[in-house]
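# Examination of the molecular architecture
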Amino acid sequence: MLEKFQEWYENRHEYQEKYKERTGNKIVGYFCTYTPEELFYAADILPVRILGSHEPQDVTEPHIFGMFCPFCRDALAQGLKGKYDYLDGITIGQSCLHLRQAFTSWDLHKNPGWSYFLPMPNHVQSKRAVPFLVEEYRLLIKKIEELAGKRIRDDDLRQGIDIMNKVRQAMKEIYEFRKEENPPITGTEAMYMTCAQFFTDAREFLPVAKEVNRELASRRLDRDPGKRIMLIGSENDDIEYINMIETLGERESVGCTVVVEEHCTTTRYFWDEVDTDIDDPVRAIAERYVLRTPCPSKDWPQRTRLQRILKLAKDFRVDGAIIIQQKFCDPHEADIPFIRRFLEDNGIPTYFLEFDVTVASGPFAVRTEAFLETLEAEEDLF
Amino acid sequence: MIIVGIDCGAKNTKTVVLRDNKIIGKGMILTGFDQTSAIRESLHAALKDAGIDVKDVDKISGTGAGMEEIRDADVRVNEVKAMAKAANFFVPSARTVTDVGAEMGRAVKIDENGKVIDFAINEKCAAGAGAFIEAMARALEAKLEEMGPMVLKSDKSIPMNAQCAIFAESEVVGLIHAKTAKADISKAIHDAMASRIVSMIRRIGVNKDIVMIGGVGLNPGFVDSLKRELEIDKVYIPPDPAFGAAVGAALVLAEET
Amino acid sequence: MAQYPTEPLKCWPKAKELRNKFYENYKQAHEKGGIRCMGSAWALDAVTMGLGRDVYWITGEPYGASCAFDSPLSADFLTAAEKFGFSRDLCSYMRNYWGSIIVGKYAFGGPLPKADFAYTQHICCSHGKWYQNACELEGGDVPLYVIDVGVGACPPFEPEMYKHRVKYVADQMLDSIEWMEKITGRTYNDELFFEACWNDIRLTHTWAKICMLNRAVPAPLDEKSIYSLYVFATLQKSSAAFAELYEELLEEVEDRVKRGIAAVGNEQARVMTDTQPPWGFLKIYRYLETWGVVSIGSLYTFGLEGMWLYDEDRNDLGPRPMPPEKPTSREEACRMLADWHLSKPEYQHFYSPEYKTEMMDAIAKNWRCDAIIMHYNRGCEGLSVGIAENRLGLLERGNKVMTYEGNMGDETEFDLPSTETRFDIFLESLGLKKREA
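In this report, we go over the structure that sits alongside the text. (Residues numbered from 1 in each chain as written. Chains lettered and ligands numbered in written order. Predicted model: local features only at pLDDT ≥ 70, side-chain atom pairs only at ≥ 80, totals over all residues. Heavy atoms only, no water.)

A separate point is the overall build of chain C. Of the regular secondary structure elements, chain C holds 17 helices and ten strands. Computed over its C-alpha atoms, the radius of gyration of chain C comes to 21 Å, within 12% of the 22 Å expected for a compact globule of 437 residues. Put simply, chain C has 437 residues, and 68% of those count as buried. Across chain C, every contact between residues at least 6 apart in sequence was considered, and the portion connecting residues at least 24 apart equals 78%. Split by element, the accessible area of chain C, about 14,500 Å² in all, is 49% carbon and sulfur. Placing the 48 positive and 64 negative side-chain charges of chain C at their respective mean positions leaves the two points 3 Å apart. (Helix = DSSP H or I, 4+ residues; strand = E, 2+ residues; numbered from the N terminus. Rg over C-alpha atoms; globule rule 2.2 N^0.38 Å. Buried < 20%, exposed > 50% of the residue type's maximum accessible area, 1.4 Å probe, protein only. Contact = heavy atoms within 4.5 Å. Areas by Shrake-Rupley, 256 points an atom, 1.4 Å probe, with all protein chains shown as cover. Lys, Arg positive; Asp, Glu negative; His and termini not counted. Charge placed at Lys NZ, Arg CZ, Asp CG, Glu CD.)

On to the nonpolar core. With 318 residues, the main nonpolar core has A:Phe5, A:Tyr241, C:Met38, C:Val47, C:Phe193 and C:Trp279 as its most contacted residues. Counting the residues that make up this core, at least three belong to each of domain 1 (1-91 + 240-257) and domain 2 (92-237) of chain B. Filtering out sequence-adjacent residues up to four positions away, C:Trp279 remains in contact with C:Ala65, C:Ala68, C:Phe69, C:Tyr93, C:Tyr227, C:Tyr230, C:Tyr300 and C:Met408. Among the nonpolar cores identified, the runner-up in size contains 37 residues, and B:Met136, B:Met150, B:Met193 and B:Val216 belong to it. (Core = buried A, V, L, I, M, F, W, Y, C linked by side-chain atoms within 4.5 Å. Domains from an automatic or database assignment.)

Turning our attention to the interface of chain C and chain A. Taken residue by residue, the interface counts 49 residues in chain C and 46 residues in chain A. Of the roughly 4,100 Å² buried where chain C meets chain A, counting both sides, 61% is carbon and sulfur surface. For the pair chain C and chain A, the number of links is 26 residue pairs in polar contact (both at pLDDT 80 or more). Only helix H5 (125-137), strand S4 (144-148), helix H6 (163-184), helix H14 (353-366), strand S9 (371-377), helix H15 (381-384) and helix H16 (387-396) of chain C provide two or more residues apiece to the side of chain C that touches chain A. Element by element, the count of residues in the side of chain C that touches chain A is highest for H5(C), at seven residues. (Buried area = accessible area lost by both parts, 1.4 Å probe. Polar contact = N/O pair within 3.5 Å; in protein donor to acceptor, adjacent residues only side chain to side chain.)

In this structure the tally under the stated criterion is 78 salt bridges over all chains. Across the pair A:Arg305 and A:Glu262 runs a salt bridge whose closest N-O atoms are separated by 2.8 Å. Placement of the pair is A:Arg305 in helix H14 (residues 305-315) and A:Glu262 in strand S6 (residues 256-262), with a sequence separation of 43 residues. In this structure, C:Asp361 engages C:Lys365 in a salt bridge whose closest nitrogen and oxygen atoms are separated by 2.7 Å. (Salt bridge = Lys/Arg side-chain N within 4 Å of Asp/Glu carboxyl O.)

Right, let's talk about the interface of chain A and chain B for a bit. Contacts between the two partners involve eleven residues from chain A, matched on the other side by 14 residues from chain B. The tally of links from chain A across to chain B stands at two salt bridges. For B:Arg202, the salt bridge identified is with A:Asp58, shortest N-O distance 3.2 Å. Taken together, chain A and chain B are joined by three residue pairs in polar contact (both at pLDDT 80 or more).

Moving on, we get to the packing of aromatic side chains. Using the criterion set out here, one finds 65 aromatic pairs over all chains in the structure. Geometrically, the ring pair formed by C:Phe86 and C:Trp98 is tilted, given 4.1 Å between the ring centres and 35 degrees between the ring planes. Linking C:Phe86 in the loop between helix H3 (71-84) and helix H4 (92-103) with C:Trp98 in helix H4, this pair joins segments that are twelve residues apart in sequence. Residue classification places C:Phe86 among the buried residues on the basis of a relative accessible area of 2%. Judged by centre distance (5.0 Å) and plane angle (75 degrees), the ring pair of C:Tyr227 and C:Trp279 falls under edge-to-face. Here C:Tyr227 is found in helix H8 (residues 223-235), whereas its partner C:Trp279 is found in the loop between strand S5 (269-274) and helix H10 (283-290), with 52 residues between them in sequence. Among the residues examined, C:Tyr227 registers a relative accessible area of 4% and is labelled buried. For C:Trp279, a relative accessible area of 8% translates into the label buried. Grouping aromatic residues by their ring pairs yields a cluster made of C:Phe22, C:Tyr23, C:Tyr26, C:Tyr63, C:Tyr97, C:Tyr106, C:Phe108, C:Trp130, C:Tyr131, C:Phe232 and C:Phe242. A cation over a ring is seen here: B:Lys234 above B:Tyr236, with NZ or CZ 4.8 Å from the ring centre. (Phe/Tyr/Trp six-rings, centres within 6.5 Å; stacked < 30°, edge-to-face > 60°. Lys NZ or Arg CZ within 6 Å of the ring centre and 35° of its normal.)

Bringing the sheet that holds strand S3 (residues 117-122) of chain C into the picture now. All names here are of chain C. What the four strands build is an open sheet, ordered S2-S1-S3-S4; its pairing is parallel. Either end of the sheet is taken by a strand with one partner, and the two such strands are strand S2 (55-59) and S4. The average angle at which neighbouring strand axes cross in this sheet is 25 degrees, direction not considered. Sheet topology note: the strand S1 (residues 35-39)/S2 ladder contains five bridges and is parallel. Bridging from a neighbouring strand, Gly39 pairs with Thr59 of S2. (Pairing = 2+ DSSP bridges. Axes fitted to C-alpha atoms, helices over the stretch in contact; angles between N-to-C directions.)

Looking now at the pairing of strand S1 (residues 26-30) of chain A. Residues and elements named next belong to chain A. S1 sits mainly inside the fold: four of its five residues count as buried. Bridge count for S1 against strand S2 (residues 45-49) is five bridges, and the pairing is parallel. Looking at S2, one finds that Gly29 is bridged to Val48. Handedness of the β-α-β unit built from S1, helix H3 (residues 37-42) and S2 comes out right-handed. Relative to strand S3 (residues 89-93), S1 runs parallel, the two sharing three bridges. (Right-handed = clockwise from strand over helix to strand, strands pointing away.)

Residue and element names in this part refer to chain C. At a closest axis distance of 5 Å, the pairing of helix H2 (residues 60-69) and H3 adopts a crossing angle of 115 degrees. Within the contact between the two elements, H2 uses Tyr63, Cys67, Ala68 and Phe69 and H3 uses Ser71, Ser74 and Phe77. A class-by-class count of the residues in the contact of H2 with H3 yields five nonpolar, two polar and no charged. (Nonpolar A, V, L, I, M, F, W, Y, C, P; charged D, E, K, R; others polar.)

Its location among the elements puts A:His63 in the loop between S2 and helix H4 (70-80). Residue classification places A:His63 among the buried residues on the basis of a relative accessible area of 10%. Among the polar contacts made by the side chain of A:His63, one reaches the side chain of A:His109 at a distance of 3.3 Å. Among residues more than four places away in sequence, those in contact with A:His63 are A:Leu76, A:Leu80, A:Ser105, A:His109, C:Ala388, C:Glu389 and C:Leu392.

Attention shifts here to the pairing of strand S6 (residues 96-100) of chain B. All names here are of chain B. Here S6 lies mainly inside the structure; five of its five residues are buried. Side chains Thr96, Thr98 and Val100 project from S6 onto one buried face, and the interleaved Val97 and Asp99 project onto a second face that is buried too. By the bridge criterion, five bridges tie S6 to strand S7 (residues 105-110) in an arrangement that is antiparallel. Paired with Val97 across the strands is Val108, a residue of S7. Hairpin connection, S6 to S7: the antiparallel pair is bridged by four residues. Strand direction decides the pairing type here: S6 and strand S9 (residues 210-213), joined by four bridges, are parallel. Counted as the bridge partner of Thr96 is Ile210 from S9.

All names here are of chain B. Taken together, the four strands give an open sheet; going across it, the order is S8-S7-S6-S9, and neighbouring strands pair in mixed fashion. Looking at strand neighbours, the two that pair on one side only are strand S8 (116-121) and S9, the edges of this open sheet. For this sheet the average axis-to-axis angle between neighbouring strands, irrespective of direction, equals 20 degrees. Strands S6, S7 and S8 of the sheet are contacted by helix H6 (residues 182-204), whose axis makes an angle of about 30 degrees with S7.

In structure tokens:
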């Protein structure tokens, strides 16, 4: 069943268009994982995340100044090129400035008739963030009700919570397999999974994830796992790169397996669940988004990511970390020097790579291989 | 009246001789380090081609990156104005003109009189200019003039990131190592560069008719890529596109005289 | 060719002295037993003033601009920041600032004085991170408080100023007061806070009134001078001395308008700009003058600190009227300050570029601009977010627009000759003629 994730990833538009036809449900595209999907599920609207296509394009130049990240450009290009004309709405939970531009330009030029900017608080470490967000959710709920043409009740919200919590749990269970000595699932496959979840109805994703979970229990991969690598950084669904480094071992003397990541396409997105012991579902959802693993743009005054990253690194027993940054991604650029020092101080070697829409496979292969070799050398000392 | 237009560009210095707005002579010399001697030599070549003497020249108009070095110029015309005028002269229906030179790409929106309405010039990186193709030809170990025709033999579409020339070169090396056919790589290079130019054109808007001047206009592969990226059937290329700005500069002077 | 009379500004020497004193005060704060505070120029500095009259500020953006103005010093700072591992495309004020900490040099002479605490606000992604990292670079023992103001746009861009949005900002201010008492060991004086709060409102209101006067032809102020004057609002909005300076300036500019005194004697055409200029190259404004062009200001100089209201029906901007009375309770002062600052014009584009386009268009029309020159500023993502859409929107509304790329605080990203060439091409296309030197 694992291939199903890749199929969904590669055919996201086909899935979503057919989904509309067969269910009659509306679809809203969202740009940042600070969008509360629970509220949309509560209204029977499918929230889908908009990612780029990793293809060079020339349509965004008039809309986004060149110093903003390739990801926001790539995401906007999908809209301008008409790939998402089937959407019923677009939304964003206040994100970094970069991605916000993909939303606002899309809103200006390809408005599907419904759009909403949610002022997700930035000061998530303040006790004032949750009460504020609760009020914002109430405004958003009214707007969603207009789109859905029906009221959203507490029970609907609880259903939304239940759906999202279940897929989060299912993915975390699958991540458990990545802790094994020879993980039965590669990083490439795991990335297909987490991204496929963005593109599909969680209720259709869930049974597949459960089936995969059963399969993984007996799956043995005929490959040398090599070094255990963690990926950390900006938005990243560059599967070509991940696949390239995971197949290095077939061609070179060293290889690796990506065993965990800290990206908003993976653990930052799904690791945290909504606390169902909280009575008011709106408040429970607000707490989840305020307390979730933060994007660096919201991670202040304390840099809480450090400890979260270290815990993942230890739990998944990584040999080294590759810090990936989308070119021009300011929030990550402000964190990276400190993350590198912190990880090195904790005995985890790091290597830094800057990503664009496409990656130069050749040079990146050479550099990654060289990094893996340094991990090898360190081990030889003992 | 005989008017000379000199375009002292980053790579070549081009001179045209116009008699009553008709081109009667042309000369082109590598600019090199010594702009002054390039200007002199290209002027001589053009006069020789026209079969006239320097005494017969009424006025000289200069343009291009090195126009300050054209000491004898009666006027100096900025490149954008010159290319706009040239496009209007060759193709009166032109509303967009793009000039792809060795180190600079430009796009200009013009009205029916060849007046500049809006313009875009590429920023520092050479990835959107002719020098890019030259650099890639070296990486491919191909002759520059082979690069364009090769494109027409390929039907593959390989995505390449041309935001940076250095970055693109390493992508080309990667493709060579992956044993990709030269024609396919050449097409990828041209598509990537055309995509940069088209990005720039989109900033001022794609308005027909579109005219391209500059030496790269002689590269059939690039023109093919440009049409594909712009999703249009025709890009007008004047005869001797490399001389476009020189002609435009001369015409501006003729009009003012 | 029309030639208007010109005169230097009378308040110039006083302004210069006040600015020097501001940076001296920060240096000498501890000798006087005072407190040093660092934070963004957008910070709500008034709240810190309840700690006493001896709280001395340094604000990062104007400090970064001052570094950029001194090119060799800035090169040192930027290199130090890069060596530490910070990417070159980060905010150039911030990199200058971090570099200043790493190198340990104060741009105004001597070693960089260490702040006792950091107090800032967060609207662009970099604000919180700026001081998080600054505090860490200072050794990790400088406490930090950040107030998030990213709560959405003000009316008319949003249907109303929702109470919970003002409350969120005001509540953070209230929390910060308790926090400041704890870290400084001082008792907070509400009366001083009310005074500071009122100074802030008075100063930012007066600044808008001054900018209104630049609608006159000839313009009494040119943007290069405006930069030197608006800076006080970025240094310390809550300062009584600065508020008084603006009141004097208002009178002086009124007088200039009455007497037809021009900033640029050969004013032939008027432009407005956008975003911070490349600070090391303010001579580009003198270059514009050779074309008879005066820059009358920008949404940036008018609305970064000035407080305005946008009237959608009339497509016009006017100074936001001051609240009727001074606040009398801590809660009221926090609410008043939050509500006042949330209408800041330069906050609005963080939610949609359209809002900025509308306000810029209002300036272009009502300040009688012939064209708009936009600085695509690689040094500031906060003010260049959405800038390409602003360009498109302004063109659509019939404005002539040109753009140039540069960087407010990193001179390696600015190309003077090619920028002047762009100016030439553009100004010539407007039908202007350059006056030969």
